[in-house]
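Given next are the chains, with one letter for each unit.
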Amino acid sequence: MEPITLKIKYHSDQIEKLTYIAGKSDWIDLRSAEDVELKKGEFRLVSLGISIQLPKGYEAVVVPRSSTYKNYGIIQTNSMGVIDETYCGDNDLWKMPVLAVRDTRISVNDRICQFRIQKHQPQIIFEETDRLNNPDRGGFGSTGR
């Protein structure tokens, strides 16, 4: 697959520069650009210290890292963030909306979330039918524990 170049503006010189590690994961870690102290139940938009210009026809998906809840006791309030290519101005700062489930502290440069880019979904046409003519799998949640 051909590499894609993303223009990035850093708003902080305290965070490590983004890197893509080929062969490890398609996801790229994002870091807190600020020290944050939260009490249980508090909400905060945590600055990630970057603005990115995505290519036309692409969007970024931002999700927590697998260790974020365990390490920091925060959850991303929108479950998954989607940033489209029009959010590309010098001051369109990427942030992570979080809710603390316990008293916690996030330090500058802590890896708290990750992102990847993907092409926009193509136009979809819905064709109504009375039957799908496929075997049923047993309904939602039927594959066991």
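Treat the numbers as computed from the prediction; the structure is a model and nothing was measured.

(A) Focus on the pairing of strand β8 (residues 81–84). Because side chains alternate across β8, one face comprises the buried residues G81 and I83, and the other comprises V82 and D84, none of which is buried. Pairing between strand β6 (residues 58–64) and β8: four bridges, direction antiparallel. Among the inter-strand pairings, E59 is bridged to a residue of β8, identified as D84.

(B) Just the sheet that holds strand β4 (residues 43–47), in detail. Taken together, the three strands give an open sheet; going across it, the order is β4-β9-β7, and neighbouring strands pair in antiparallel fashion. Each of the sheet's edge strands pairs with one partner strand only, and the pair in question is β4 and β7 (74–76). For this sheet the average axis-to-axis angle between neighbouring strands, irrespective of direction, equals 40 degrees. Bridging between β7 and strand β9 (residues 95–100) involves three bridges; their strand directions are antiparallel.

(C) The nonpolar core, seen in detail. In terms of nonpolar packing, the biggest core is built from 24 residues, with L30, W94, I112 and F115 touching the most fellow members. At the level of secondary structure, the elements contributing two or more residues to this core comprise β2 (28–31), β3 (36–38), β5 (50–53), β6, β9 and β11 (111–119). In this structure, I112 is in contact with L30, S32, V46, L48, P64, R65, T68, Y72, M96 and I106, ignoring residues within four places of it in sequence.

Thresholds applied
- Residues numbered from 1 in each chain as written.
- Predicted model: local features only at pLDDT ≥ 70, side-chain atom pairs only at ≥ 80, totals over all residues.
- Heavy atoms only, no water.
- Buried < 20%, exposed > 50% of the residue type's maximum accessible area, 1.4 Å probe, protein only.
- Helix = DSSP H or I, 4+ residues; strand = E, 2+ residues; numbered from the N terminus.
- Pairing = 2+ DSSP bridges.
- Axes fitted to C-alpha atoms, helices over the stretch in contact; angles between N-to-C directions.
- Core = buried A, V, L, I, M, F, W, Y, C linked by side-chain atoms within 4.5 Å.
- Contact = heavy atoms within 4.5 Å.

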